[in-house]
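# Topology and contacts: notes
Chain by chain, the residues:
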Amino acid sequence: MSQAPKPEELLRVSHIPPKKDWMDPRVDLIPGTWGYPGKASSLETLGLPNPREWNPTDEDWKLPPNWKEIIHEGLKERLEKYRSLKVFLDICVRCGACADKCHFFIGSGDPKNMPVLRAELLRSIYRQDFTMAGKILGTFAGGRELTEDVIKEWFYYFHQCTECRRCSLYCPYGIDTAEVTIIVRELLNLIGVNIDWILGAAANCYRTGNHLGLEPHTFKGNIEYLVDDIEEYVGVRLNPTFNRKGAEVLFIAPSGDVFADPGIFTYMGYLMLFEHIGLDYTISTYASEGGNFGLFTSQETMKRLNSKMYAEAKRLGVKWILGGECGHMWRVLHQYMDTMNGPADFLEVPKSPITGTVFDNAKSTKMVHIVEFMADLIHHGKLKLNPSRNDYLRTTWHDSCNVSRGMGMFEEPRYVLQSVCNNFYEMPENTIREQTFCCGGGTGLNAGEFEYLRMMGGMPRAFAVKHVQEKHGVNRLVNVCALDRAILPPLMDYWAPEVSVSGLTELVANALVMEGEHDRLTDLRGEDIPGMEGDE
Amino acid sequence: MAVWYSLLLVLGMSLFVYLGAGLLGLQAIFGIVVPYAAILVFLIGFSMRILGWARSPVPFRIPTTAGQQKSLGWIKPSKVDSPYTTWGVVGRMAMEVLLFRSLFRNTKAELTEGKLAYGSSKWLWLFGILFHYTFLTIIIRHLRFFTEPVPFFVQALDRIDGMLQIGSPVIYQTDVILVAALLFLLIRRLVNPQMRYLSLPADYFPLFLILGIALTGIMMRYFAIFKVDLLSVKVLAMGLATFSPTIPDGIGVMFYIHLFLFSVLLAYFPFSKLMHLGGVFLSPTRNLPNDSRMVRHVNPWNAPVKVHTYEHYEDDFRDKMIEADLPVEKQA
Ligand code: SF4
Ligand code: SF4
């Protein structure tokens with residue numbers, strides 16, 4: 001519904017705060033900057049509280065009568081469960097080092113999008129209700145009364161944070177506003193305040209295993225379409241297997257790569273790569289989603305969705321798990337999975353059957369990232385590559401937030417990209433690697449109705465791309481996150497037209513010289529490869 | 001508003017001491033009772049805050065990775081910014097606590113003429129670190145009032161601090177830098193519209209308080225009319241330190257204001273953002289190794305959850321699976 005305004009208008013954003021005191025919680029729900037509420041049916045599937053029909057623009061949000069008590073108890077419980085929360089609420093000195101680090105603040109100018117103030121929205125309530133100073137001194141100590149307006153404010157601003165952790169990098173105490181956002185979203189879920197783009201996806205993942213709700217036969221069918229496309233463009237027929245017991249490796253990718261353009265080209269890449277090296281792998285329809293929409297809901301939901309991976313690996317009797325290109329999936333896998341659903345002692349320490357490399361860094365989780373896996377293959381010369389097939393691309397690399405600030409994967413993808421593509425240009429220094437900017441739509445903020453804010457929030461990323469587009473003629477933005485592959489294309493259309501977006505494995509597969517292939521006149525997108533037409 | 005409240009509060013407290021210790025002669029209260037009470041509140045409060053934090057577990061390993069992970073043997077990992085060993089973590093924490101590593105990264109974003117530029121911005125880092133180190137030096141320097149003989153490192157520090165040999169009494173560089181840094185931090189809050197918007201009384205109050213402590217100290221030392229008898233001060237300080245407090249005559253009221261403001265700072269400390277001194281050590285994004293796929297971390301409350309099992313899943317979709325040639329555990 002909401003169309004984002006023209007780029008020129010967005011550029012007029014002012015960073016001067018309004019006159020109104022930030023302690024006043026009343027928000028103006030600007031169209032295009034908030035998501036539709038979670039549907040009752042999704043809440044019921046997940047067994048979450050307070051399923052009902054409601055609308056954020058209504059005066060009455062139909063909160064449970066004892067909502068205040070629920071929030072209070074919920075916060076208390078979480079203070080006891082998470083040291084991070086307690087420490088982060090107590091020690092912020094409001095130095096503002098994080099303030100202009102958030103893409104949503106840079107893009108929108110709304111001061112409550114400064115990470116410090118975003119956290120302060122919770123902190124003020126915590127101070128009032130849980131600290132001695134706040135109880136005695138109230139506002140003077142920075143305390144605020146918990147009212148329905150505060151809940152509405154939370155709903156608005158904690159769904160304007162993509163949990164990208166960029167703020168955390170610069171904070172002298174490592175205060176991670178993403179942690180605060182995670183907790184506040186949990187609290188909101190306790191009283192049934194959430195958005196549908198998250199809840200719907202989480203419910204689908206729970207029921208069918210993937211976020212679009214593809215049932216097993218459709219899921220398999222979709223991949224078979226990709227197999228047909230590969231046959232057409234490459235001339236090789238592949239036969240991936242599904243739910244096969246006894247395979248060596250279970251492969252799990254974000255399901256976005258199974259059905260949505262341009263993720264599907266990345267999926268075609270996965271299939272071609274595995275065929276090329278003769279990997280004994282299988283794909284599961286039950287654990288058919290890598291991305292974890294539970295992370296944006298609650299710790300429990302995250303654990304429930306994630307549990308399928310180990311359960312399926314055990315049932316199928318594989319040796320280890322290989323994970324596709326995904327952001328949030330990897331944040332969960334890397335930082336939470338083993339703790340929540342381990343120990344995975346029924347699996348073996350991952351060892352590449354092709355190179356013999358033992359992945360010691362995944363000794364306990366038993367889960368390897370496809371980029372680590374590919375980097376190892378390339379390093380050992382196990383892939384036959386013809387990078388000149390990617391010569392028509394001038395690429396740059398987008399470090400996805402989660403694999404950057406939540407995992408530390410910087411060199412592997414650059415190594416792979418530069419092995420399969422001759423033209424590579426880095427974006428400006430303060431916008432890459434650990435300082436990378438979010439696409440503006442992670443954590444379930446990719447909803448259509450959220451487009452206005454997404455274009456604002458994605459502005460810093462887009463501008464860095466535009467910079468290398470103007471300077472080096474970059475025309476392809478490569479990344480390893482399924483949400484990026486969904487979110488960045490419209491962002492590029494908006495700010496840096498002519499830059500297309502793809503996953504890394506797509507480019508690897510473009511360059512891969514497959515046994516029995518015919519002349520590759522097109523890339524995996526079915527588009528002519530410039531310079532190759534001459535061979536006809 | 002916040003800034004005036006805080007300023008008035010500090011001025012009010014000074015006036016209060018001026019009346020109490022100066023005019024009413026309640027020196028024993030301001031010289032003995034208040035400092036002891038403040039120290040007690042500080043010690044108990046500080047420990048309780050630390051224990052309070054420590055009581056909550058760290059369920060997940062969530063370091064902010066600011067450098068290359070340890071993965072393949074031929075890729076150089078970043079030992080400090082993405083530590084995977086205990087020593088790496090120690091290194092990261094040391095850089096954080098001693099050098100303000102994260103703040104050093106600070107940049108400033110500017111949107112001008114349709115371009116976004118990020119410049120390095122180290123002013124906050126510079127004045128932040130100057131403030132902390134000079135404050136620390138001054139506190140250590142004060143040990144000379146509490147010790148007899150004065151330990152050599154305190155004497156050495158004293159000498160280094162007065163190295164420039166300006167004026168008489170010799171001007172300590174730290175005094176000047178401390179005040180300059182405090183003023184920078186204060187003015188930054190007032191002048192930068194965003195900082196002004198987000199600042200609370202709790203942000204201005206400690207600045208004014210410390211500024212008050214510094215200025216009263218400086219006045220006593222450098223301005224003849226406020227001069228206090230240093231020997232008497234030392235008698236009082238030694239008395240407090242050896243738990244046999246006495247109130248010598250002839251200490252000027254400026255001293256009592258100085259001491260009172262410092263006592264307030266001590267007592268206020270555990271209840272305020274100043275606790276970042278302790279909290280920085282407990283921050284899970286900084287003090288954990290990035291090795292969560294190598295080593296299993298245990299969550300003491302690992303929540304039990306209801307999952308959608310494969311069996312249920314197959315029950316839900318068995319016919320469709322069979323039709324699509326997908327293997328099933330149970331035939332229909
Ligand atoms: S950088 Fe950290 S301490 Fe400073 S305002 Fe932000 S969260 Fe608070
Ligand atoms: S985590 Fe990212 S989106 Fe959220 S406040 Fe921090 S910088 Fe902004």
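Computed from a predicted structure; not experimentally measured. (Residues numbered from 1 in each chain as written. Chains lettered and ligands numbered in written order. Predicted model: local features only at pLDDT ≥ 70, side-chain atom pairs only at ≥ 80, totals over all residues. Heavy atoms only, no water.)

### As for the overall build of chain A
- Across its full length, chain A carries 23 helices and 7 strands.
- Rg of the C-alpha trace for chain A: 23 Å, near the compact-globule value of 24 Å for 536 residues, within the 12% margin.
- For chain A, the spread of C-alpha atoms along the three principal axes comes to 75 × 50 × 40 Å.
- Here chain A holds 536 residues, and 71% of them are scored as buried.
- By sequence separation, contacts in chain A at least 24 residues apart represent 77% of the contacts at least 6 residues apart.
- Taking the average location of the 56 positive side-chain charges in chain A and that of its 72 negative ones, the two points are 6 Å from each other. (Helix = DSSP H or I, 4+ residues; strand = E, 2+ residues; numbered from the N terminus. Rg over C-alpha atoms; globule rule 2.2 N^0.38 Å. Buried < 20%, exposed > 50% of the residue type's maximum accessible area, 1.4 Å probe, protein only. Contact = heavy atoms within 4.5 Å. Lys, Arg positive; Asp, Glu negative; His and termini not counted. Charge placed at Lys NZ, Arg CZ, Asp CG, Glu CD.)

### Overview of the site of ligand 2
- Close contacts around ligand 2 come from A:Cys102, A:His103, A:Pro115, A:Arg118, A:Cys161, A:Thr162, A:Glu163, A:Cys164, A:Arg165, A:Cys167, A:Thr177 and A:Ala178, and that covers them all.
- Its residues assigned to classes, the shell around ligand 2 comprises 6 nonpolar, 3 polar and 3 charged. (Near = heavy atom within 4 Å. Nonpolar A, V, L, I, M, F, W, Y, C, P; charged D, E, K, R; others polar.)

### A few points about the sheet that holds strand β1 (residues 249-252) of chain A
All names here are of chain A.
- Strand order in the open sheet formed by 4 strands is β2-β1-β3-β4, with parallel pairing between adjacent strands. Where the open sheet ends on each side, the last strands, each with one partner, are β2 (281-283) and β4 (367-369). Strand-to-strand, the axes of this sheet are offset by a mean angle of 30°, without reference to chain direction.
- Summarising the sheet, β1 and strand β3 (residues 320-323) pair through 4 bridges and their orientation is parallel. Bridge assignment links leucine 250 to a residue of β3, and that residue is isoleucine 321. (Pairing = 2+ DSSP bridges. Axes fitted to C-alpha atoms, helices over the stretch in contact; angles between N-to-C directions.)

### Structural notes on the interface of chain B and chain A
- With 90 residues of chain B at the contact, the number on the chain A side is 115 residues.
- Summed over both partners, the interface of chain B with chain A buries about 8800 Å², with 60% contributed by carbon and sulfur atoms.
- Taken together, the connections running from chain B to chain A amount to 8 salt bridges.
- Close ionic contact of B:Asp203 with A:Arg94 constitutes a salt bridge, the shortest N to O distance being 2.7 Å.
- Split into classes, the residues belonging to the side of chain B that touches chain A amount to 47 nonpolar, 25 polar and 18 charged. (Buried area = accessible area lost by both parts, 1.4 Å probe. Salt bridge = Lys/Arg side-chain N within 4 Å of Asp/Glu carboxyl O.)

### A short note on the packing of aromatic side chains
- Inspection of the entire model under this criterion finds 42 aromatic pairs over all chains.
- Measuring from centroid to centroid gives 4.9 Å for A:Tyr494 and A:Trp495, while their planes differ by 85°, and the two rings are edge-to-face. Each member of the pair A:Tyr494 and A:Trp495 is classed as buried.
- Measuring from centroid to centroid gives 5.5 Å for B:Phe42 and B:Phe46, while their planes differ by 40°, and the two rings are tilted. (Phe/Tyr/Trp six-rings, centres within 6.5 Å; stacked < 30°, edge-to-face > 60°.)

### Description of the site of ligand 1
- Every residue close to ligand 1 is listed here: A:Cys92, A:Val93, A:Arg94, A:Cys95, A:Gly96, A:Ala97, A:Cys98, A:Val116, A:Cys171, A:Pro172, A:Tyr173 and A:Ile175.
- Residues of the shell around ligand 1, tallied by class, amount to 10 nonpolar, 1 polar and 1 charged.

### What about the pattern of salt bridges?
All names here are of chain A.
- Applying the stated criterion to the full structure yields 48 salt bridges over all chains.
- Between glutamate 300 and lysine 81 there is a salt bridge; the shortest N-O distance is 4.0 Å. Taken together, the residues glutamate 300 in helix α15 (residues 299-316) and lysine 81 in helix α3 (residues 67-81) connect sequence positions 219 residues apart.
- For lysine 81, a relative accessible area of 13% corresponds to the buried category.
- One salt bridge connects glutamate 506 with arginine 476, and the closest N-O pair in it is separated by 3.8 Å. Placement of glutamate 506 in helix α23 (residues 504-511) and of arginine 476 in strand β6 (residues 476-479) is noted, with a sequence separation of 30 residues between them. With respect to burial, glutamate 506 and arginine 476 carry one shared label: buried.

### A short note on the nonpolar core
- Residues A:Ile151 and A:Trp154 are the most contacted members of the largest nonpolar core, which totals 182 residues.
- The element best represented in this core is helix α10 (residues 201-222) of chain B, accounting for 13 residues.
- Discounting residues that sit within four places of it in the chain, A:Ile151 has contacts with A:Trp61, A:Leu63, A:Trp67, A:Ile71, A:Leu146, A:Leu188, A:Ile191 and A:Val193.
- Of all hydrophobic cores here, the second largest spans 92 residues; its members include A:Tyr233, A:Val368, A:Met374 and A:Met407. (Core = buried A, V, L, I, M, F, W, Y, C linked by side-chain atoms within 4.5 Å.)

### Quick notes on helix α7 (residues 152-161) of chain B
Residues and elements named next belong to chain B.
- Those residues of α7 that sit buried are Val154, Asp158 and Asp161. On an axial view of α7, the arc spanned by its buried residues comes to 70°, and they lie on one face. Those residues of α7 that are exposed and angled more than 90 degrees off the buried face are Phe152 and Arg159.
- The inward-facing, buried residues of α7 contact α5 (123-141), α6 (143-146) and α8 (173-191). (Arc of directions from axis to C-beta.)

### Considering the confidence of the model for chain B
- Model confidence for chain B is summarised by a mean pLDDT of 93, while 100% of its residues fall at 70 or above.
- The complex model carries a pTM of 0.94, and its ipTM stands at 0.93. (pLDDT = per-residue confidence, 0-100.)

### Remarks on the packing of helix α8 (residues 148-157) of chain A against helix α10 (residues 177-190) of chain A
All names here are of chain A.
- Between α8 and α10, the least distance of the axes is 10 Å, while the angle of their chain directions is 125°. Relative to α10, α8 is oriented oblique. Considering the relative orientation of α8 and α10, their crossing is left-handed. Residue-level inspection shows Ile151, Trp154 and Phe155 of α8 in contact with α10, the latter providing Val184, Leu187 and Leu188.
- A per-class count over the contact of α8 with α10 returns 6 nonpolar, no polar and no charged. (Parallel < 35°, antiparallel > 145°, perpendicular 65-115°, else oblique. Left-handed = near helix turned anticlockwise from the far one by under 90°.)

### Let's talk about a negative patch on the surface
- Taken together, the side chains of A:Asp58, A:Glu59, A:Asp60, A:Glu148 and A:Asp149 make up a negatively charged region of the molecular surface.
- In this fold, A:Asp58 is placed in the loop between α2 (40-46) and α3. (Patch = residues over 30% accessible without salt bridge, like charges linked within 9 Å, V, L, I, M, F, W, Y side chains within 5 Å. Areas by Shrake-Rupley, 256 points an atom, 1.4 Å probe, with all protein chains shown as cover.)

### As for the sheet that holds strand β5 (residues 395-397) of chain A
All names here are of chain A.
- Spatially, β5-β6-β7 is the arrangement adopted by the 3 strands of the open sheet, whose pairing is parallel. Here the strands that pair on one side only, and so sit at the sheet edges, are β5 and β7 (500-503). Adjacent strand axes in the sheet meet at a mean angle of 30° when their direction is disregarded.
- Taken together, the 3 bridges between β5 and β6 define a ladder with parallel strand orientation.

### Quick word on a positive patch on the surface
- A cluster of basic residues, A:Lys363, B:Lys70, B:Lys76 and B:Lys79, forms a positive patch on the protein surface.
- Secondary-structure assignment places B:Lys79 in the loop between α2 (27-55) and α3 (86-99).
- The class of B:Lys79 is exposed, set by a relative accessible area of 56%.

### Description of the environment of A:Ile277
Residues and elements named next belong to chain A.
- Tracing the backbone shows isoleucine 277 in helix α14 (residues 263-277).
- Considered as a pair, isoleucine 277 and threonine 355 are 78 residues apart in the sequence and their alpha carbons are 10 Å apart.
- Apart from the residues lying within four places of it in its own chain, the contact partners of isoleucine 277 are Ile354, Phe373, Leu377, Lys382 and Leu383.

### Quick notes on the side chain of A:Glu449
Residue and element names in this part refer to chain A.
- For glutamate 449, the location among the structural elements is in the loop between α19 (411-420) and α20 (451-457).
- Buried charge without a partner: glutamate 449 forms no salt bridge, and the closest opposite charge is arginine 454, 7.4 Å away.
- A polar side-chain atom of glutamate 449 sits 2.8 Å from the main-chain amide nitrogen of tyrosine 36. (Polar contact = N/O pair within 3.5 Å; in protein donor to acceptor, adjacent residues only side chain to side chain.)

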